[in-house]
Amino acid sequence: LESEEQQVAAAKRLLALKETTRIDNFSASLAGIIRTIRKYGHEGLQAAPPGSSAEATAAKRKTKAEKENEQESWKRTLAEEGVVDEDLDDDAVDDTVELGKLTGKPHPDDLILFAVPVCAPYPTLSQYTYRVKLTPGNMKRGKAVKACIEMFLKEDQKSPHSTRLKELIKKVAETEWVHAVIGEVKIAAAGAQKQIQKSKNKAKKK
């Protein structure tokens, strides 16, 4: 999405859906919202009002038939968008299932396999354990990546996965960070400027 208004509208709509309905796949839901905004605009996109019937059924679990119908609906949608072939065999890998395994806030009993750097509208990352806000600035992409990593590794998180998460952050290839982060930015986070200044001082000493 190009404008900030569209990004905020998409984030608010996804948050409203999360509060009023059960979402099994956030990535697929966000993709649908983005397609709707691109096709019809964001002006008419509204959240469900409090006390609505959707809110009353938020805790209701989907039946097997409903899940199968939803899966078939997503397959048709993805086929129409040219993402997957509608005639795929039943043995084919369903990428949407894999996307559903990604999380920004692991639970204590989760088995964490790897870390993935992402860049998205800040409101959608409000529940992520490790996050920084990127605003327009003059910092190059490579320097921004290094500053973000250093801040993540120095954060004192009270999560039971803290040590494991930091190990996985270190293992992420620099190219993956560079591809995920936008260029010409300024990092807005607690202690960000101090960390950036320390990095500059280290570079001068070398």
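In this report, the structure presented in the accompanying data block is examined. Remember, it's a predicted structure, so these values are computed and weren't measured experimentally. (Residues numbered from 1 in each chain as written. Predicted model: local features only at pLDDT ≥ 70, side-chain atom pairs only at ≥ 80, totals over all residues. Heavy atoms only, no water.)

**Points about the overall build of the chain**
Note the cut-off: A run of DSSP states H or I qualifies as a helix once it reaches four residues; a run of E qualifies as a strand once it reaches two. Both are numbered from the N-terminal end. Exposed residues in this analysis have more than 50% of their type's maximum accessible area, buried residues have under 20%, and partly exposed residues fall in between, with area computed by a 1.4 Å probe over protein chains only. Shrake-Rupley sampling with a 1.4 Å probe provides the accessible areas, and residues are treated as covered by the protein chains on show and by no other component.
Across its full length, the chain holds nine helices and two strands. Start at the N end of the chain and walk to the C end: the helices and strands fall as α-α-α-α-α-β-α-α-α-β-α. Among the 206 residues that make up the chain, the fraction classed as buried is 23%. Summed over its atoms, the accessible surface of the chain is roughly 15000 Å², and 51% of this surface lies on carbon and sulfur atoms.

**Side note on the pattern of salt bridges**
Basically, it comes down to this: The rule for a salt bridge is simple: a side-chain nitrogen of Lys or Arg has to be within 4 Å of a carboxyl oxygen of Asp or Glu.
Counted by the stated rule, this structure contains one salt bridge. The salt bridge involving K140 is made with E184; its shortest N-O contact spans 3.0 Å. Linking K140 in the loop between β1 (133-139) and α6 (141-154) with E184 in the loop between α8 (174-180) and β2 (185-188), this pair joins segments that are 44 residues apart in sequence.

**A look at helix α2 (residues 26-40)**
Spelled out, the test is: A helix is expected to span 1.5 Å multiplied by its residue count minus one.
For α2, spanning 15 residues, the distance from its first C-alpha to its last is 21 Å, which sits close to the expected 21 Å at 1.5 Å a residue. For α2, the set of buried residues is A28, S29, G32, I33 and I37. Immediately beyond the C-terminal end of α2, within one or two residues, lies G41, with a positive phi of roughly 90°.

**A word on a nonpolar patch on the surface**
Quick note on the threshold: Patch membership needs two things, relative accessible area over 30% and no salt bridge, and members are linked within 9 Å if like-charged or within 5 Å if nonpolar (Val, Leu, Ile, Met, Phe, Trp, Tyr).
A cluster of nonpolar side chains, namely L99, L102, L111, L113, F114, V116 and V118, defines an oily patch on the protein surface of about 730 Å² accessible area. Inspection of the secondary structure assignment puts L113 in the loop between α5 (95-99) and β1.

**Notes on the packing of aromatic side chains**
Cut-off, in case you're wondering: Only Phe, Tyr and Trp rings take part, Trp by its six-membered ring, and two of them pair if their centres are within 6.5 Å. Stacked means planes under 30 degrees apart, edge-to-face means over 60, and tilted covers everything else.
As enumerated under the stated definition, the model contains two aromatic pairs in all. An angle of 70° between the planes, with centres 5.8 Å apart, marks the rings of Y130 and F152 as edge-to-face. Placement of the pair is Y130 in the loop between α5 and β1 and F152 in helix α6, with a sequence separation of 22 residues. Neither Y130 nor F152 differs from the other in exposure class; each is buried. Between the aromatic rings of F152 and W177, the centroid separation amounts to 6.2 Å while the plane-to-plane angle is 35°, which identifies the pairing as tilted. Of the two residues, F152 sits in helix α6 while W177 sits in helix α8, which places them 25 residues apart along the sequence. No difference in accessibility class separates F152 from W177, as the two residues are buried.

**A word on the nonpolar core**
Spelled out, the test is: Residues belong to a common nonpolar core when they are buried Ala, Val, Leu, Ile, Met, Phe, Trp, Tyr or Cys residues joined through side-chain atoms within 4.5 Å.
In terms of nonpolar packing, the biggest core is built from 19 residues, with V132, F152, I169, W177 and I187 touching the most fellow members. Mapped onto this core, the elements with two or more residues apiece are α6, α7 (162-171) and β2.

**Re the packing of helix α1 (residues 4-20) against α2**
Using the following cut-off: Axes, fitted as lines to C-alpha atoms, cover a helix only where it is in contact. Angles between the N-to-C directions of the axes lie from 0 to 180 degrees. Comment on the angle field: the value is read as roughly parallel under 35 degrees, roughly antiparallel over 145, roughly perpendicular from 65 to 115, and oblique elsewhere. The sense of a crossing depends on the near helix, which, turned anticlockwise from the far helix by less than a right angle, makes the crossing left-handed and, turned clockwise, makes it right-handed. Whether two residues are in contact is decided by their heavy atoms, any of which lying within 4.5 Å being enough. Lys, Arg, Asp and Glu make up the charged group, whereas Ala, Val, Leu, Ile, Met, Phe, Trp, Tyr, Cys and Pro make up the nonpolar group; the residues left over, Gly among them, are polar.
Contact geometry for α1 and α2: axes closest at 10 Å, N-to-C directions at 135°. The orientation of α1 with respect to α2, classified from their angle, is oblique. The crossing of α1 and α2 is right-handed. Across the interface between the two elements, Q6, A9, A10, R13, L14, L17 and K18 from α1 touch F26, S29, L30, I33 and I37 from α2. For the contact of α1 with α2, the class distribution of residues is eight nonpolar, two polar and two charged.

**Description of the environment of K12**
Note that K12 resides in helix α1. Taking relative accessible area as the criterion, K12 reaches 58% and is therefore assigned exposed. Separated by 111 residues in sequence, K12 and P123 have C-alpha atoms that sit 8.2 Å apart.

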